[in-house]
Amino acid sequence: MGSWPLARRRQALVERGAIFGRIREFFQEKGYLEVETPFRIPAPAPEAQIDAIPASGWFLQTSPELCMKRMLAAGYQRIFQICRCWRDGERGVRHLSEFTMLEWYRSKADYLVLMEETEALVQHAAATGSISYRGQQIALSGKWERITVADAFLRYGGISMWQALADGTFDVIMVDRIEPNLGLARPTFIYDYPASCSALARLKPSDPTVAERFELYIGGLEIANAFSELIDPVEQRARFVTAAAERAAQGKAAYPMPEKFLSALDEMPEAAGIALGVDRLVMVLLDAETIDEVVAFTTEEL
Amino acid sequence: MYTAADLKKGLKIAINDEPYIITHFDFAKPGKGQALYRTKMKNMITGSTMDRTYRSGETFEPARLEDRVMQYLYKEDDHYCFMDNDTFEQIHISEEAMGDAKNYLIDNLQVDVLIFREKAIGVDVPNFVNLRVVQTDPWVKGDTSGSDSKPATVETGYVLRVPPFIEEGELITIDTRTGEYSTRVKG
């Protein structure tokens, strides 16, 4: 292969490093503690559509979520982590099976607080008020767009969110008709997902058919997923059982029930948490067409 | 049998018994949702294109094509002429059916000509071909523009990006699956 593909990424990797520096600076200024939790875990959260890679009887984490929430339960009030996560079978121009995640958790907060904080973080990481991504001018300064999932389905999908769920077309319509319209002139928060699409999120007290969950899109690209945390251990166990049954129905591997996480939920404060794909954020800030352009090595290059 | 996870650019599959080639492939997975495999494909007989989105678990039959090793002879108008190495039979393939393969054709190159129901409908070139650079601007020493590549024209007329140190007359290896520069041939 030669070393040219690696050498020509120098400028992207230098800017990637600078973005990492500004992310850490943002959280330190806000009083967040940078933490590390183990990559190899015995029991990933059972989710219907996320597959972990086995590692010597345990699994590589698909997210540091469960360990970080155990830290919240133990009294750590503001924590963040930048780490590697692995998701089996995910590879494309916007996906790497091994990728870099930024997660942060904050007690005594809900998803609306996190929307504000995410705006501030991305603005600080970008160090500019406006970016150009794939020919689209996107204003990062000023108020970002907020739209509910239900409204987005009506506006761009031409079908109600509930009808799409019933038809089994929710994901296809989201990808084909809705995502390309999100985050174009300015970033978009799309929020209040159907309860069934949110295994670890709290239901909205005023409308329990939806969960307090949002996603951030910039330039049509999904950047982050966040929610007000579900802290009821009984309901959380029931959601895991449902997700495990969906996995079994699809012929997917079963995971052990994360018992230590479930028992820690008893002591967990009200909190909100978010997972942000750092490679994706670097892509939009550097106007990269593929995720390959913003990492030193792709899986295929090893 | 292929599954959706095998889909990639260049894969040839059968739909209603006709051969299709995947010309564009994209993996999508909306937050917490299912994996979707979005494709654009071209009917290798009619040239018509279509978009299809598949989900994990869906399966495909490979396109039923015969391939015969042939040698590239020459281009005439908008047709390319090849010769069967065993029978010396000569066949013509239209420029449109050639697709990107025409970027890599040099005299006497061995290719796999794809035959469907006795008709030649396309060619497969090797994954890597060596082509000579016939035009590229010299590298200005001390160039501080930060540019990490420059355009170069190879002997077939194909233009691609190469590292700044490549000079006219050099032989380079191109990955025909991506159309991109791979390495310099030392010699």
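Keep in mind that this is a model prediction, so the values were computed, not measured. (Residues numbered from 1 in each chain as written. Chains lettered and ligands numbered in written order. Predicted model: local features only at pLDDT ≥ 70, side-chain atom pairs only at ≥ 80, totals over all residues.)

## Digging into the overall build of chain B
Within chain B one finds 1 helix and 16 strands. Overall, the C-alpha framework of chain B stretches about 55 × 55 × 25 Å when taken along its three principal axes. Pairs at least 24 apart in sequence give 45% of the contacts found in chain B among residues at least 6 apart. (Helix = DSSP H or I, 4+ residues; strand = E, 2+ residues; numbered from the N terminus. Contact = placed C-beta atoms within 7 Å.)

## Here we look at the sheet that holds strand β15 (residues 171-175) of chain B
All names here are of chain B. Read across the open sheet, the 5 strands follow the order β14-β13-β12-β15-β16; overall the sheet is antiparallel. Strands with a single pairing partner mark the edges of an open sheet, and in this sheet they are β14 (159-162) and β16 (180-184). On average, each strand axis in the sheet is inclined to that of its neighbour by 55 degrees, with strand direction left out of account. Taken together, the 3 bridges between strand β12 (residues 128-136) and strand β13 (residues 150-154) define a ladder with antiparallel strand orientation. Looking at the pairing, Thr136 lines up with Ala152 of β13. (Pairing = 2+ DSSP bridges. Axes fitted to C-alpha atoms, helices over the stretch in contact; angles between N-to-C directions.)

## Some words on the interface of chain A and chain B
The interface is formed by 23 residues belonging to chain A together with 19 residues belonging to chain B. Sorting the residues of the side of chain A that touches chain B by element identifies α7 (170-178) and β13 (221-228) of chain A as the ones contributing at least two each. Per-class residue counts for the side of chain A that touches chain B are 7 nonpolar, 7 polar and 9 charged. (Nonpolar A, V, L, I, M, F, W, Y, C, P; charged D, E, K, R; others polar.)

## A few points about the pairing of strand β14 (residues 271-277) of chain A
Residues and elements named next belong to chain A. Burial runs high along β14: 7 of the 7 residues are buried. By the bridge criterion, 7 bridges tie strand β6 (residues 98-107) to β14 in an arrangement that is antiparallel. Within β14, the residue paired with Leu102 across the bridge is Leu276. (Buried ≥ 20, exposed ≤ 12 C-beta atoms within 10 Å, placed from the backbone.)

## Section: the packing of helix α2 (residues 10-29) of chain A against helix α10 (residues 278-286) of chain A
Residue and element names in this part refer to chain A. Remark: α2 packs on α10, axes separated minimally by 10 Å, with the N-to-C direction vectors making an angle of 115 degrees. Taken as a pair, α2 and α10 cross one another with a handedness that is right-handed. Contacts between α2 and α10 involve Ala12, Glu15, Arg16 and Ile19 from the first element and Val282, Leu285 and Leu286 from the second. Across the contact of α2 with α10, the residue classes break down as 5 nonpolar, no polar and 2 charged. (Left-handed = near helix turned anticlockwise from the far one by under 90°.)

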